[in-house]
Amino acid sequence: MADQTALKKLAGYRAAEFVEDGMVVGIGSGSTIAFVVEALGKRVAEEGLKIKGVPTSDKTRRTAAKLGIPMHNVDDVDHIDITIDGADQIDENFAAIKGGGAALLWEKIVAVNSRRNIWVVDDTKIAPHLTHYLPVEVIPYGAEQLFKRLKQKGYEPTWRLDQNGNPVRTDSANFLFDLHFDKMPDPFKLGRELTSMVGVVEHGLFLNIVDQVVVGRDDETIAVFDSHPQPLI
(Lines give C-alpha, C1' and ligand atoms only; values in the text may rest on other atoms or scores of the structure.)
Protein backbone atom coordinates (compact mmCIF):
# COMPACT_ATOMS: atom_id res chain seq x y z
CA MET A 1 0.00 0.00 0.00
CA ALA A 2 1.52 3.31 -1.09
CA ASP A 3 1.55 6.26 1.27
CA GLN A 4 -0.18 9.48 0.25
CA THR A 5 3.03 11.31 -0.63
CA ALA A 6 4.08 8.50 -2.96
CA LEU A 7 0.68 8.60 -4.65
CA LYS A 8 0.93 12.35 -5.12
CA LYS A 9 4.35 11.96 -6.72
CA LEU A 10 3.15 9.21 -9.06
CA ALA A 11 0.19 11.28 -10.20
CA GLY A 12 2.18 14.51 -10.43
CA TYR A 13 4.90 13.04 -12.61
CA ARG A 14 2.29 11.41 -14.86
CA ALA A 15 0.42 14.70 -15.29
CA ALA A 16 3.64 16.50 -16.25
CA GLU A 17 3.90 14.16 -19.25
CA PHE A 18 0.96 15.97 -20.87
CA VAL A 19 3.10 19.08 -21.28
CA GLU A 20 4.68 19.45 -24.71
CA ASP A 21 7.47 21.63 -26.06
CA GLY A 22 6.38 25.19 -26.80
CA MET A 23 3.31 25.15 -24.56
CA VAL A 24 2.10 27.91 -22.27
CA VAL A 25 1.36 26.05 -19.05
CA GLY A 26 -0.79 27.12 -16.12
CA ILE A 27 0.87 25.71 -13.02
CA GLY A 28 -1.32 25.13 -9.99
CA SER A 29 -0.72 25.16 -6.27
CA GLY A 30 -0.51 22.64 -3.45
CA SER A 31 1.42 19.60 -2.29
CA THR A 32 0.53 17.40 -5.27
CA ILE A 33 1.40 20.09 -7.79
CA ALA A 34 4.80 20.47 -6.13
CA PHE A 35 5.65 17.15 -7.81
CA VAL A 36 4.36 18.43 -11.17
CA VAL A 37 6.67 21.43 -10.83
CA GLU A 38 9.54 19.13 -9.85
CA ALA A 39 8.95 16.94 -12.90
CA LEU A 40 8.69 19.92 -15.25
CA GLY A 41 11.87 21.40 -13.82
CA LYS A 42 13.70 18.14 -14.55
CA ARG A 43 12.40 18.10 -18.11
CA VAL A 44 13.53 21.69 -18.64
CA ALA A 45 17.00 20.90 -17.29
CA GLU A 46 17.50 17.43 -18.79
CA GLU A 47 15.45 17.46 -21.99
CA GLY A 48 15.63 21.13 -22.91
CA LEU A 49 11.85 21.44 -22.66
CA LYS A 50 10.82 24.97 -23.63
CA ILE A 51 7.64 26.20 -21.97
CA LYS A 52 6.18 29.34 -20.47
CA GLY A 53 4.64 28.97 -17.04
CA VAL A 54 1.69 30.92 -15.64
CA PRO A 55 1.44 30.58 -11.85
CA THR A 56 -1.68 30.31 -9.72
CA SER A 57 0.13 31.63 -6.64
CA ASP A 58 3.21 33.59 -5.70
CA LYS A 59 4.61 30.45 -4.05
CA THR A 60 4.26 28.51 -7.29
CA ARG A 61 5.92 31.35 -9.19
CA ARG A 62 8.94 31.31 -6.89
CA THR A 63 9.30 27.53 -6.79
CA ALA A 64 8.99 27.06 -10.55
CA ALA A 65 11.38 29.92 -11.32
CA LYS A 66 14.03 28.37 -9.07
CA LEU A 67 13.81 25.20 -11.17
CA GLY A 68 14.45 27.11 -14.37
CA ILE A 69 10.85 27.36 -15.65
CA PRO A 70 10.27 30.81 -17.21
CA MET A 71 7.26 32.35 -15.45
CA HIS A 72 4.82 34.93 -16.82
CA ASN A 73 1.77 36.75 -15.48
CA VAL A 74 -1.59 35.67 -16.88
CA ASP A 75 -1.98 39.01 -18.70
CA ASP A 76 1.44 38.66 -20.35
CA VAL A 77 0.42 35.66 -22.49
CA ASP A 78 -2.14 35.55 -25.29
CA HIS A 79 -3.33 32.05 -24.39
CA ILE A 80 -2.75 29.15 -22.00
CA ASP A 81 -2.53 25.72 -23.65
CA ILE A 82 -2.95 23.60 -20.55
CA THR A 83 -3.30 24.10 -16.81
CA ILE A 84 -2.38 21.41 -14.32
CA ASP A 85 -3.70 21.88 -10.79
CA GLY A 86 -4.82 19.93 -7.76
CA ALA A 87 -8.13 19.78 -5.92
CA ASP A 88 -9.27 19.37 -2.34
CA GLN A 89 -12.11 17.08 -3.41
CA ILE A 90 -13.71 15.93 -6.69
CA ASP A 91 -17.12 14.29 -6.94
CA GLU A 92 -18.39 11.71 -9.43
CA ASN A 93 -19.67 14.45 -11.75
CA PHE A 94 -16.26 16.19 -11.92
CA ALA A 95 -17.30 19.08 -9.70
CA ALA A 96 -14.51 20.11 -7.35
CA ILE A 97 -13.74 22.17 -4.29
CA LYS A 98 -10.46 24.05 -4.32
CA GLY A 99 -8.91 26.73 -2.16
CA GLY A 100 -7.52 24.87 0.82
CA GLY A 101 -4.19 26.46 0.00
CA ALA A 102 -5.74 29.95 -0.23
CA ALA A 103 -5.11 30.31 -3.99
CA LEU A 104 -8.63 29.75 -5.35
CA LEU A 105 -9.05 33.13 -7.08
CA TRP A 106 -5.83 32.93 -9.09
CA GLU A 107 -6.46 29.24 -9.74
CA LYS A 108 -9.88 29.96 -11.23
CA ILE A 109 -8.61 32.90 -13.30
CA VAL A 110 -5.92 30.73 -14.85
CA ALA A 111 -8.30 27.79 -15.30
CA VAL A 112 -11.02 29.69 -17.18
CA ASN A 113 -8.40 31.17 -19.49
CA SER A 114 -6.96 27.74 -20.37
CA ARG A 115 -7.76 25.65 -23.41
CA ARG A 116 -7.45 22.48 -21.36
CA ASN A 117 -7.52 21.75 -17.63
CA ILE A 118 -6.07 18.71 -15.89
CA TRP A 119 -6.50 18.05 -12.19
CA VAL A 120 -4.08 15.71 -10.46
CA VAL A 121 -4.95 14.07 -7.14
CA ASP A 122 -4.45 10.96 -5.05
CA ASP A 123 -7.47 8.75 -4.63
CA THR A 124 -8.31 10.08 -1.16
CA LYS A 125 -9.61 13.23 -2.90
CA ILE A 126 -12.31 11.38 -4.86
CA ALA A 127 -15.80 11.17 -3.32
CA PRO A 128 -19.34 10.40 -4.48
CA HIS A 129 -20.51 13.81 -3.24
CA LEU A 130 -18.79 17.01 -2.15
CA THR A 131 -18.32 17.12 1.63
CA HIS A 132 -15.19 19.26 1.99
CA TYR A 133 -15.43 22.71 3.53
CA LEU A 134 -15.91 25.41 0.91
CA PRO A 135 -13.44 28.32 0.81
CA VAL A 136 -14.79 31.74 -0.11
CA GLU A 137 -12.51 34.72 -0.82
CA VAL A 138 -13.94 38.02 0.42
CA ILE A 139 -13.08 41.72 0.41
CA PRO A 140 -11.74 42.82 3.81
CA TYR A 141 -13.99 45.88 3.95
CA GLY A 142 -17.31 44.73 5.39
CA ALA A 143 -16.10 41.19 5.95
CA GLU A 144 -17.68 40.97 9.40
CA GLN A 145 -21.06 41.94 7.98
CA LEU A 146 -20.74 39.37 5.20
CA PHE A 147 -19.78 36.75 7.77
CA LYS A 148 -23.02 37.47 9.66
CA ARG A 149 -25.10 37.11 6.50
CA LEU A 150 -23.49 33.76 5.67
CA LYS A 151 -24.10 32.57 9.23
CA GLN A 152 -27.76 33.62 9.04
CA LYS A 153 -28.10 31.47 5.92
CA GLY A 154 -26.91 28.45 7.91
CA TYR A 155 -23.63 28.09 6.02
CA GLU A 156 -21.56 27.84 9.21
CA PRO A 157 -18.71 30.13 8.14
CA THR A 158 -15.36 30.18 9.94
CA TRP A 159 -12.51 32.60 9.49
CA ARG A 160 -9.33 31.21 7.92
CA LEU A 161 -6.66 32.18 10.44
CA ASP A 162 -2.88 31.89 10.44
CA GLN A 163 -0.73 30.40 13.19
CA ASN A 164 -0.86 33.71 15.09
CA GLY A 165 -4.64 33.88 15.01
CA ASN A 166 -4.77 36.61 12.36
CA PRO A 167 -6.91 36.40 9.21
CA VAL A 168 -5.10 34.69 6.35
CA ARG A 169 -4.45 37.04 3.44
CA THR A 170 -4.56 35.71 -0.10
CA ASP A 171 -2.10 36.78 -2.80
CA SER A 172 -4.68 39.45 -3.68
CA ALA A 173 -4.73 40.62 -0.02
CA ASN A 174 -8.27 39.38 0.59
CA PHE A 175 -9.68 37.34 3.48
CA LEU A 176 -10.97 33.75 3.41
CA PHE A 177 -14.05 32.22 4.98
CA ASP A 178 -14.58 28.46 5.04
CA LEU A 179 -18.20 27.31 4.81
CA HIS A 180 -19.31 24.04 6.40
CA PHE A 181 -22.38 22.05 5.41
CA ASP A 182 -24.07 18.99 6.86
CA LYS A 183 -25.06 18.34 3.26
CA MET A 184 -23.69 20.36 0.36
CA PRO A 185 -26.49 22.24 -1.48
CA ASP A 186 -26.69 22.04 -5.24
CA PRO A 187 -23.21 23.30 -6.25
CA PHE A 188 -24.43 25.31 -9.25
CA LYS A 189 -27.16 27.07 -7.29
CA LEU A 190 -24.85 27.70 -4.34
CA GLY A 191 -22.12 29.06 -6.62
CA ARG A 192 -24.52 31.53 -8.24
CA GLU A 193 -25.80 32.64 -4.84
CA LEU A 194 -22.31 33.24 -3.44
CA THR A 195 -21.18 35.11 -6.55
CA SER A 196 -24.19 37.44 -6.23
CA MET A 197 -23.37 38.41 -2.64
CA VAL A 198 -21.70 41.81 -2.31
CA GLY A 199 -18.23 41.38 -0.82
CA VAL A 200 -17.62 37.89 -2.20
CA VAL A 201 -14.72 37.90 -4.66
CA GLU A 202 -14.82 34.21 -5.62
CA HIS A 203 -15.76 30.80 -4.24
CA GLY A 204 -13.96 27.47 -4.37
CA LEU A 205 -16.51 25.54 -6.43
CA PHE A 206 -14.96 24.60 -9.77
CA LEU A 207 -17.78 23.48 -12.06
CA ASN A 208 -17.70 22.49 -15.74
CA ILE A 209 -13.99 23.31 -15.89
CA VAL A 210 -11.91 20.14 -15.94
CA ASP A 211 -11.08 18.06 -19.03
CA GLN A 212 -9.07 15.25 -17.46
CA VAL A 213 -8.34 13.99 -13.96
CA VAL A 214 -5.13 12.09 -13.15
CA VAL A 215 -5.53 9.90 -10.07
CA GLY A 216 -2.80 8.17 -8.11
CA ARG A 217 -4.38 5.00 -6.76
CA ASP A 218 -3.66 3.09 -3.59
CA ASP A 219 -2.30 0.14 -5.58
CA GLU A 220 0.38 2.48 -7.02
CA THR A 221 -1.26 2.66 -10.44
CA ILE A 222 -2.31 5.80 -12.30
CA ALA A 223 -5.78 6.32 -13.78
CA VAL A 224 -6.62 9.08 -16.25
CA PHE A 225 -10.30 10.03 -16.60
CA ASP A 226 -11.81 12.24 -19.29
CA SER A 227 -14.55 14.41 -17.83
CA HIS A 228 -16.97 13.19 -20.47
CA PRO A 229 -18.65 10.79 -20.75
CA GLN A 230 -17.43 8.45 -18.05
CA PRO A 231 -18.17 9.02 -14.34
CA LEU A 232 -15.18 9.49 -12.10
CA ILE A 233 -16.21 6.79 -9.64
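Residues numbered from 1 in each chain as written. Predicted model: local features only at pLDDT ≥ 70, side-chain atom pairs only at ≥ 80, totals over all residues. Heavy atoms only, no water.

*Asks:* Explanation requested: unusual backbone geometry in the structure shown.
*Replies:* Glycine aside, residues mostly have negative phi, and peptide bonds are mostly found in the trans state. Of note in the backbone geometry, F94 takes a positive phi value of approximately 70 degrees without being a glycine. Relative to the helices and strands, F94 is located in the loop between β4 (89-90) and β5 (96-97). Despite not being glycine, E156 has its phi angle at roughly 45 degrees, a positive value. Among the secondary structure elements, E156 is positioned in the loop between α5 (143-152) and β8 (157-159). Here E156 falls in the partly exposed class, since its relative accessible area comes to 47%. (Helix = DSSP H or I, 4+ residues; strand = E, 2+ residues; numbered from the N terminus. Buried < 20%, exposed > 50% of the residue type's maximum accessible area, 1.4 Å probe, protein only.)

*Asks:* Where do I start with the UniProt feature "active site" (unreviewed entry) in the protein in this structure?
*Replies:* Under the UniProt annotation, the feature "active site" (unreviewed entry) is placed at E107. Inspection of the secondary structure puts E107 in helix α4 (residues 104-112). Classification of E107 by relative accessible area gives buried; the value is 6%. Once residues lying within four places of it in the same chain are set aside, the contact partners of E107 are S29, T56, D85, K98, G99 and F206. (UniProt positions renumbered as here; feature names shortened; annotations may be inferred. Contact = heavy atoms within 4.5 Å.)

*Asks:* What's the story with the side chain of K8 in this structure? I'm lost.
*Replies:* In this structure, K8 sits in helix α1 (residues 4-16). As a buried residue without a salt bridge, K8 has its nearest oppositely charged side chain in D122, at a separation of 4.8 Å. The contact partners of K8, leaving out residues within four places of it in the chain, are S31, T32, F35 and D122. (Lys, Arg positive; Asp, Glu negative; His and termini not counted. Salt bridge = Lys/Arg side-chain N within 4 Å of Asp/Glu carboxyl O.)

*Asks:* I would appreciate a short explanation of the domain arrangement of the protein in the present structure.
*Replies:* Much of the literature gives interface size as the accessible area that the parts lose upon coming together. Here the domain parsing of the protein yields domain 1 (4-126 + 207-219) and domain 2 (134-204). With 14 residues of domain 1 in contact, the opposing surface of domain 2 contributes 18 residues. Between domain 1 and domain 2, roughly 1300 Å² of surface is buried when both sides are summed, and carbon and sulfur atoms account for 63% of that area. When the buried surface of domain 1 facing domain 2 is broken down by residue, L104, L105 and L207 rank first, second and third, together holding 39% of it. Taken together, the links from domain 1 to domain 2 amount to one salt bridge. A salt bridge links E202 to K108, with the shortest nitrogen-to-oxygen separation between them at 3.1 Å. Along the contact surface separating domain 1 from domain 2 lie seven residue pairs in polar contact (both at pLDDT 80 or more). Taken together, the residues that form the side of domain 1 that touches domain 2 break down as seven nonpolar, four polar and three charged. (Domains from an automatic or database assignment. Buried area = accessible area lost by both parts, 1.4 Å probe. Polar contact = N/O pair within 3.5 Å; in protein donor to acceptor, adjacent residues only side chain to side chain. Nonpolar A, V, L, I, M, F, W, Y, C, P; charged D, E, K, R; others polar.)

*Asks:* Looking at this model, I keep getting lost on the pattern of salt bridges. Mind explaining?
*Replies:* Opposite charge on two side chains allows them to pair when their charged atoms are near. A full pass over the atoms with the stated rule returns nine salt bridges. A salt bridge links R61 to D58, with the shortest nitrogen-to-oxygen separation between them at 3.6 Å. Of this pair, R61 and D58 both sit in helix α3 (residues 58-66), separated by three residues, roughly a single helical turn. Residue classification places D58 among the partly exposed residues on the basis of a relative accessible area of 27%. It is possible to trace a salt-bridge network through shared partners that takes in D85, K98 and E107.

*Asks:* Can you help me understand a negative patch on the surface in this one?
*Replies:* On the surface, D3, D218, D219 and E220 cluster together into a negatively charged patch. Along the chain, E220 falls in the loop between β12 (212-216) and β13 (222-226). (Patch = residues over 30% accessible without salt bridge, like charges linked within 9 Å, V, L, I, M, F, W, Y side chains within 5 Å. Areas by Shrake-Rupley, 256 points an atom, 1.4 Å probe, with all protein chains shown as cover. Charge placed at Lys NZ, Arg CZ, Asp CG, Glu CD.)

*Asks:* What am I meant to see in the sheet that holds β5 here?
*Replies:* Strand pairing within a sheet occurs via backbone hydrogen bonds; the two strands may be parallel or antiparallel. Spatial strand order, β4-β5-β11: three strands in an open sheet with antiparallel pairing. In the strand order of this sheet, the two ends are held by β4 and β11 (205-206), each with one partner. When β4 meets β5, the two strands line up antiparallel, connected through two bridges. By the bridge assignment, I90 is partnered in β5 with A96. (Pairing = 2+ DSSP bridges.)

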